Structures are given as structure tokens and as C-alpha cells.
Amino acid sequence: MIAILSAIALYVGLPQRLLVAPRYVLPALEMLLLVPLIAVNPKRLTRQSKVFRVLSLTLVLVIAASNLVALGILIHDLVYAGVKDGRALLVAALQVWLTNIIVFGLAYWELDRGGPVIRTQVPRADLPLADFRFPQDEDDDAVQEVADGASATSDWMPVLIDYLYVSVTNSTAFSPTDTMPLSTRAKVMMGVQAIAALVTSLLVISRAVSILH
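The model shown is predicted, which means the values in this text are computed figures rather than measured ones. Throughout, a residue's number is its position along its own chain's written sequence, starting from 1. Given that the model is predicted, a residue must reach a pLDDT of at least 70 before its local features are reported, and side-chain atom pairs must reach 80 or more before they are shown or counted; all residues, however, enter totals for whole chains, interfaces and linings. Side-chain descriptors were evaluated using all non-hydrogen atoms of the structure, hydrogens and water having been removed beforehand.

A. Geometry of a nonpolar patch on the surface. Taken together, M1, L5 and M31 make up a surface patch of nonpolar side chains, about 280 Å² in accessible area. Secondary structure elements are defined from DSSP: runs of H or I of at least 4 residues count as helices, runs of E of at least 2 residues count as strands, and each element is numbered from the N terminus. Summarising the element assignment, M31 is placed in helix 2 (residues 25-40). Judged by its relative accessible area of 34%, M31 is partly exposed. Within the patch definition used here, like charges are joined within 9 Å and nonpolar side chains (Val, Leu, Ile, Met, Phe, Trp, Tyr) within 5 Å, considering only residues with over 30% relative accessible area and no salt bridge. The Shrake-Rupley method, run with a 1.4 Å probe, gives the accessible areas here. Residue values count only the displayed protein chains as cover. Just to be clear on terms, a salt bridge is a Lys or Arg side-chain nitrogen sitting within 4 Å of an Asp or Glu carboxyl oxygen. Partly exposed describes any residue whose relative accessible area lies between the buried limit of under 20% and the exposed limit of over 50%, with all areas from a 1.4 Å probe on protein chains only and scaled to the type maximum.

Next comes the structure, spelled out in C-alpha cells:
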């Protein structure tokens, strides 16, 4: 909930020129999608239905789509529009970049091994195929103090912060670091995120250099 509210707040703070609708239309839609999700699982994610799953994935998709559209408009403004208020656009680029990290982290968290509810409520042997391979998934043959925290020995499962870390490293290194994508959809998402982050970084750097000069 904190991650989603943060993404909504970052979107609301964008300049109007980067928005495809009136400022509060998409945030209102996202809040409408969030309310039933909280009602079903007010404290911990322990229950899931088909409707819950659809609402949850739709919420992430809406945030991701609106942020990618904002990125597209931002790129156009930085390259072609000749906007005089370059500093405001640089701040907007940071907001888009941060939202990118949050929303892709949420997407990885929602999809990997069937989602957060399945990962905690279903026996490991019955889980769907993994989208990501974390270091803990292959540490069972390491030294004892490392092996004790491995997936095979401690029943470790990734949580949201693990996926947010994957998202951060992918947006800064533009490639996987310690966690490897396994499925096609994970590779596609990480590729889209890395390209978006790379383009944003290059444009921001070039614009910053022009402002300094």
C-alpha cells in the first residue's frame, strides 16, 4: 500500500504537460482499485480470488502505463519542445524514474511464482515456475552461515523489498545483478525497465549539462 501510494503521489506531482488526463483522474481510478484490495486483505495478504488477482494486476498495469506515457511526453519535451523551464523537467524526470522503480518492483512481486498470496500459502513443491532466481535459491551448498538462510534449508521466500531491490539495480545498472530473470515475461519487463531508465538517464544528463552551460 505504501509503495502504491508513493507512486500515486509522484504522479500527482508531475507537471500538467506530462499528464494525459486531468491531474486527479488516474489517481482516483487507482484508489478505487486499491480500496477493494485492502478490504479483502486489510493486514496481510492471505486471501486471493480471481477478481482480486485481476484488480491487483490491473492496478499495477495502470500505474505502469501512465508512467511510461509520461516518460514518452517527457522525452518529447526534452528533445523537441524547447521548454525553457528545464529544471522543472529534470525534477519530473526524477519522479518518473522513481515511479518506474516502484511500479516494476510491484510487477515483479505480483507475478513471480504466482504472486504474493500463492508464495506464502501454497507448499513450495506446488508453486508455479519461478520468474526470478535469487541468490538464496542456490546458496544451500555455501558456508554454513550462508546456507542457513538459503531457500532450500530455511524455506526463504522473497518479499516486496527484494523485488524493489531488483528494480533499483535494474534501473541503475541497466541489467540484472545478483537476481536473474528466468521466464520470458521477466526478461521482457526487465528489458523495458532498463531501456526506460537508460533513456531517462541519458536525457537528464544531457539536459543538465546544457543547463550548466
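B. Just the packing of aromatic side chains, in detail. Centre distance within 6.5 Å is the pairing criterion for rings of Phe, Tyr and Trp, where only the six-membered ring of Trp is used; planes under 30 degrees apart are then read as stacked, over 60 as edge-to-face, and the remainder as tilted. Considering all chains together, one arrives at five aromatic pairs under this definition. Taking the centre distance of 6.3 Å and the plane angle of 70 degrees together, the rings of F132 and Y163 count as edge-to-face. Of this pair, F132 sits in strand 1 (residues 132-133) while Y163 sits in helix 8 (residues 160-173), placing them 31 residues apart in sequence. Among the residues examined, F132 registers a relative accessible area of 1% and is labelled buried. According to the relative accessible area criterion, Y163 is buried, its value standing at 0%. Among the aromatic residues, those joined into a ring-pair cluster are F104, Y108, F132, F134, W156 and Y163.

C. Seen up close, the nonpolar core. If you look at the biggest cluster of nonpolar residues, it comprises 45 residues, and the most contacted ones within it are I4, L14, L59, L74, L106, Y108 and F132. For this core, the secondary-structure elements that each account for two or more residues are helix 1 (2-12), helix 2, helix 3 (50-81), helix 4 (86-111), helix 8 and helix 9 (184-212). Ranked by residues supplied to this core, first place goes to helix 4 with 12 residues. Here, two residues are considered to be in contact whenever any of their heavy atoms come within 4.5 Å of each other. Residues contacting L14, with those up to four places away along its chain left out, are L19, R23, A70, A92, Q95 and V96. Only buried residues count toward a nonpolar core. Its members are Ala, Val, Leu, Ile, Met, Phe, Trp, Tyr and Cys residues joined through side-chain atoms within 4.5 Å.

D. Unusual backbone geometry, seen in detail. Not every positive phi belongs to a glycine, and R113 is a case in point at roughly 55 degrees. Structurally, R113 is set in the loop between helix 4 and helix 5 (116-121). Given the relative accessible area of 5%, R113 is considered buried. Phi angles above zero are rare outside glycine, and D155 is one such case at about 60 degrees.

E. Structural detail: helix 2. In a helix, the anticipated span is given by 1.5 Å times the number of residues less one. Under the 1.5 Å per step criterion, the end-to-end length of helix 2 is 24 Å for 16 residues, consistent within 8% with the ideal 22 Å. Within the sequence span of helix 2, burial applies to L26, P27, E30, L33, L34 and L37. Down the axis of helix 2, the sector holding all buried residues measures 130 degrees, keeping them to one side. Turned more than 90 degrees away from the buried face of helix 2 sit L32, V35 and A39, all of them exposed. Taken from the helix axis, the directions to the C-beta atoms give the arc we talk about.

F. Quick peek at the side chain of S66. Assignment of secondary structure puts S66 in helix 3. According to the relative accessible area criterion, S66 is buried, its value standing at 9%. Setting aside anything within four residues of it in sequence, one finds S66 in contact with Y11, L26 and E30.

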